[in-house]
Structure formats: structure tokens, C-alpha cells
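Listed below, chain by chain, are the residues.
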Amino acid sequence: MTHGVGARALYEALMDYEGAALYEAVVAPWLDRAVREGYGEQLATAARYRSWWDEPGGTELHWELYALSRVSDYLLPDGSPPHEYLRLFTALGMTPVAYDDAFDPFHHEIAEVEQAEDPHTPIELAEVRWPGLMLGELLFSRAGVRVRAGAAHAERGVADCSPLFWTFRRRHRPTVDLSHGWGSNSQWRTELRLDYRTPTGDHLNVAGTGAIDGRPDLSPEHPENLGSDELLLTPTERRELLCHRCLLRTPEAADALVGSPGWERNLFPFEWRLPTAEH
């Protein structure tokens, strides 16, 4: 991107600010400059499903979207009035997710599970905790929701407490992000996960290059194949992790996994793609 204003600078200013007027003191001045410099128009390059990330300038835009997601993570209202949060992102060309009564894992991140007595009760939307955002066809952030579900579909203590992947921070649960553990500059060369909803269907993690079930042409020990912990997850569990960005239930191979402390953080789903036939 060629603008003179960036989301990293906004994030660092938010982290440094200690007053009570966060929006007026930090966000509003940054937003005014971003609007003047056409920041939103440059973001719009990513709004349609196509391989823009492989075009000139695509890598920088990919990093910028990630930095902006860090701003979103920091500012998530989570129960507080979302007006200022929405004011920022709608000014950059995003639209709030439209809600109906149905749970949709593309748009909804499980923040809390109310366990239904019947284990076979499907996941039902109970409450929206914070808004989700779309940038055209691109999912920028999912809405945080409380759901009601039977344990066969979403287990309390797992679906709402296990590590959330492709996420830098949440106030209420652990997260696993590719930027974690990198230096103060290197961490900003992380890319936003790209999920698109188009008239032809949903397309998840479209910049990923790894097969979700591994590559049969490679040995299980090959570094480009699935790791040992990933192979212990069933194909269904791997697909649920890709779709929901977390585990929904205690894995079937929990006894085998328990011997590997921190196994959830050793998973590496960040390159997973579904087979074309499953899109």
C-alpha cells in the first residue's frame, strides 16, 4: 500500500494511550487522515474474491489487513456500546454482518456455550456479544456470540475456551496467531486469514497452500505434510477447526494427545485448504 498512514501506527498508539478518551484522542485523528489519504479505497482491492495477494503490492496489503485486524481485536466492544468501533470500520468501507436467528460459523465466533440438556441439540444463536464486519465479499472479523448447543455439537469448555486460531488476542480465551513469538518488526509480516463469501459459495483460507488431509504423495514424516498431532485429529475435527477456528469438542484421540503437553499450540492449521469439491 502506498498511503502514509498505517494500522500498525494506530495499534501502537492505542497501546500507548492511558487516558479515558481513546476514540477522540487516538482513533478519530488517525481516521481523519486515513480517509483523506484514500486508505479505504486501497483496502477495497481485497474486497472481491480473486488472487489479489499475488499481484504487485498484494503482500503489503495482506500485511496491512492483518495489522488492522489487530486494531479490531484491541477495540472489540464485547458487551460495551459498539458505536465507536463501528464508526471506525464503516468509515473504511466495511459493513456490519447482517443477523438473523441462525448460527453461521462463517460469520459467528463462539464466545460462550450454554450447554443444552439434549446432547444432540444443534448449535443455536442465543446472543450477539460484538458485531462482525465484511469488506465486500471478504470476511474481516466474525461477530462474537453466545450459543446454546448439545455437547455432541459444541462442548462448553472446549468450543468457548480452547485456543482460538488465526487470532492475535481475546480477553476471555487463549489464542494462537502466526505473529506470536516474533520480534517487534517481524510480527507485522503476518497475513490476515482470507475467507470469502460469494454467490458461488464460501471459500476458506484462500491464500493457504496445504491440504487439510495431508498429501498422500508425501510420507507422514515429511515437513510439508500434516504434523503428528494434526493427524490425530479426525478429518471431521480438522474441518471443524478450519471452519470455526477452534475445536468444538474434546477430540476422539484425547488420550493420545494428552501425552503431548501444549499439543493444541503445536497444531499448524494455518495453511489448510479444503478440497475443491468441498467448497
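Anyway, here's the lowdown on the structure attached to this text. Each chain carries its own residue numbering, running from 1 in the direction its sequence is written. Totals for whole chains, interfaces and linings use every residue, but because this is a predicted model, local features are given only for residues with pLDDT of at least 70 and side-chain atom pairs only at 80 or more, for both listing and counting. Heavy atoms from the whole structure form the basis of all side-chain values; hydrogens and water molecules are not counted.

### Some points on the overall build of the protein
Moving on, step 1. From N to C terminus, the protein includes nine helices and twelve strands.
Moving on, step 2. Just to be clear, the radius of gyration here is over C-alpha atoms, and the globule rule we use is 2.2 Å times residues to the power 0.38. The C-alpha atoms of the protein give 19 Å as radius of gyration, which agrees with the globular expectation for 279 residues (19 Å, within 12%).
Moving on, step 3. Considered along the principal axes of its C-alpha atoms, the protein spans approximately 55 × 45 × 40 Å.
Moving on, step 4. Expressed as a percentage of the 279 residues in the protein, the buried residues total 49%.
Moving on, step 5. Considering only residue pairs separated by 6 or more positions, the protein has 70% of its internal contacts joining residues 24 or more positions apart.
Moving on, step 6. When the accessible area of the protein is evaluated, it comes to approximately 13,300 Å², of which 51% is carbon and sulfur surface.
Moving on, step 7. Counted charges follow a simple rule, with Lys and Arg positive, Asp and Glu negative, and His plus the chain ends left uncounted. All charge positions are set by atom: Lys at NZ, Arg at CZ, Asp at CG, Glu at CD. Within the protein, one finds 26 positive and 44 negative side-chain charges whose respective centroids are separated by 3 Å. Only runs of H or I of at least four residues qualify as helices and only runs of E of at least two qualify as strands under DSSP, and these elements are numbered from the N terminus. Any residue under 20% of the maximum accessible area for its type is buried, any over 50% is exposed, and the rest in between are partly exposed; the area is computed with a 1.4 Å probe on protein chains only. Only heavy atoms enter the contact rule, under which two residues are in contact if any of them lie within 4.5 Å. Here the accessible surface of atoms and residues is derived via Shrake-Rupley with a 1.4 Å probe, and residues count as covered only by protein chains that are part of the display.

### Here's the deal with the sheet that holds strand E2 (residues 108-115)
Moving on, step 1. Spatially, the three strands line up as an open sheet ordered E2-E6-E3, and their pairing is mixed. Of all strands in the sheet, those with a lone pairing partner are E2 and strand E3 (124-130), marking the two edges. Neighbour to neighbour, the strand axes of the sheet diverge by 30 degrees on average, direction disregarded.
Moving on, step 2. DSSP bridges decide pairing: two strands pair if at least two such bridges lie between them. As paired strands, E2 and strand E6 (residues 143-149) are joined by seven bridges and run parallel to one another. Residue pairing for E6: Glu112 is matched across the bridge by Arg146. The angle between two axes is taken between their N-to-C directions and runs from 0 to 180 degrees, where each axis is a line fitted to C-alpha atoms and a helix contributes only its stretch in contact.

### Side note on the side chain of Arg238
Moving on, step 1. Structurally, Arg238 can be placed in helix H7 (residues 235-244).
Moving on, step 2. Excluding residues that lie within four positions of it along the chain, Arg238 makes contacts with Ile212, Asp213, Leu226, Glu230, Leu231, Leu233 and Trp272.

### Looking at the pattern of salt bridges
Moving on, step 1. When a carboxyl oxygen of Asp or Glu lies within 4 Å of a side-chain nitrogen of Lys or Arg, that pair is called a salt bridge. Applying the stated criterion to the full structure yields 22 salt bridges.
Moving on, step 2. Of the charged contacts in the structure, one is a salt bridge between Arg33 and Glu37, with a shortest N-O distance of 2.9 Å.
Moving on, step 3. Judged by relative accessible area, which is 36%, Arg33 ranks as partly exposed.
Moving on, step 4. When its relative accessible area of 32% is taken as the criterion, Glu37 is described as partly exposed.
Moving on, step 5. Between Arg170 and Asp73 there is a salt bridge, with its nearest N and O atoms 2.9 Å apart. Pair noted here: Arg170 is in the loop between strand E7 (164-165) and strand E8 (175-176) and Asp73 is in helix H4 (residues 58-75), with a separation of 97 residues, a long-range link.
Moving on, step 6. By relative accessible area, Asp73 is classed as buried at 11%.
Moving on, step 7. Several salt bridges share partner residues, and in doing so they unite Glu112, Glu114, Glu124, Glu127, Arg129, Arg146, Arg148 and Arg156 into one network.

### Points about the packing of H4 against helix H5 (residues 83-91)
In a packed pair of helices, the relevant descriptors are the angle between the two axes and the axis-to-axis distance.
Moving on, step 1. At a minimum axis distance of 11 Å, the contact between H4 and H5 shows a crossing angle of 165 degrees. It follows from the interaxial angle that H4 and H5 lie roughly antiparallel. The two elements H4 and H5 cross, and the hand of that crossing is left-handed. Along the contact surface, H4 presents Leu68, Val71, Ser72 and Leu75, while H5 presents Tyr85, Leu88 and Phe89.
Moving on, step 2. Only Asp, Glu, Lys and Arg are considered charged, only Ala, Val, Leu, Ile, Met, Phe, Trp, Tyr, Cys and Pro nonpolar, and every remaining residue, Gly among them, polar. A class-by-class count of the residues in the contact of H4 with H5 yields six nonpolar, one polar and no charged. Angle categories are assigned with fixed cut-offs, so that under 35 degrees is roughly parallel, over 145 is roughly antiparallel, 65 to 115 is roughly perpendicular, and the rest are oblique. The handedness criterion is simple: a crossing whose near helix is rotated anticlockwise from the far helix by less than a right angle is left-handed, and one whose near helix is rotated clockwise is right-handed.

### Quick word on H4
Moving on, step 1. The end-to-end C-alpha distance of H4, which contains 18 residues, comes to 26 Å, matching closely the 26 Å that a straight helix rising 1.5 Å per residue would cover.
Moving on, step 2. Burial analysis of H4 places 14 of its 18 residues in the buried class, which makes it a mostly covered element. To estimate how far a helix should reach, multiply one less than its number of residues by 1.5 Å.

### What about the packing of aromatic side chains?
Moving on, step 1. Working definition: rings of Phe, Tyr and Trp (its six-membered ring) pair if their centres are within 6.5 Å, and the pair is stacked with planes under 30 degrees apart, edge-to-face with planes over 60 apart, and tilted otherwise. Applying the stated criterion across every chain yields a total of twelve aromatic pairs.
Moving on, step 2. Ring geometry for Tyr11 against Trp188: centres 5.6 Å apart, planes inclined by 65 degrees, an arrangement best described as edge-to-face. Taken together, the positions of Tyr11 in helix H1 (residues 7-16) and Trp188 in the loop between E8 and strand E9 (196-198) put the pair 177 residues apart, joining distant regions of the chain.
Moving on, step 3. Taking the relative accessible area as the measure of exposure, Tyr11 reaches 6% and is therefore buried.

### Focus on helix H2 (residues 22-36)
Moving on, step 1. For H2, which comprises 15 residues, the first-to-last C-alpha distance of 21 Å matches the rise-based estimate of 21 Å (1.5 Å per residue) to within 8%.
Moving on, step 2. Here the bend at a residue means the angle between the axes of two seven-residue stretches, the one that ends at it and the one that starts at it. The largest bend along H2 measures about 35 degrees and falls at Ala28, with the proline Pro29 one to four residues further on.
Moving on, step 3. For H2, the complete set of buried residues consists of Tyr23, Val26, Val27, Ala28, Trp30, Leu31 and Ala34.
Moving on, step 4. Lining the buried residues of H2 we find H1, helix H3 (39-43), H4 and H5.

### With respect to the nonpolar core
Within soluble globular proteins, side chains that are nonpolar tend to cluster in buried spots.
Moving on, step 1. Nonpolar cores are built from buried Ala, Val, Leu, Ile, Met, Phe, Trp, Tyr and Cys residues. Side-chain atoms within 4.5 Å join them into one set. Counting 44 residues, the largest nonpolar core has Trp30 and Leu68 as the members making the most contacts within it.
Moving on, step 2. Within the residue set of this core, elements represented by two or more residues are H1, H2, H3, H4, H5, strand E4 (133-135) and strand E5 (138-141).

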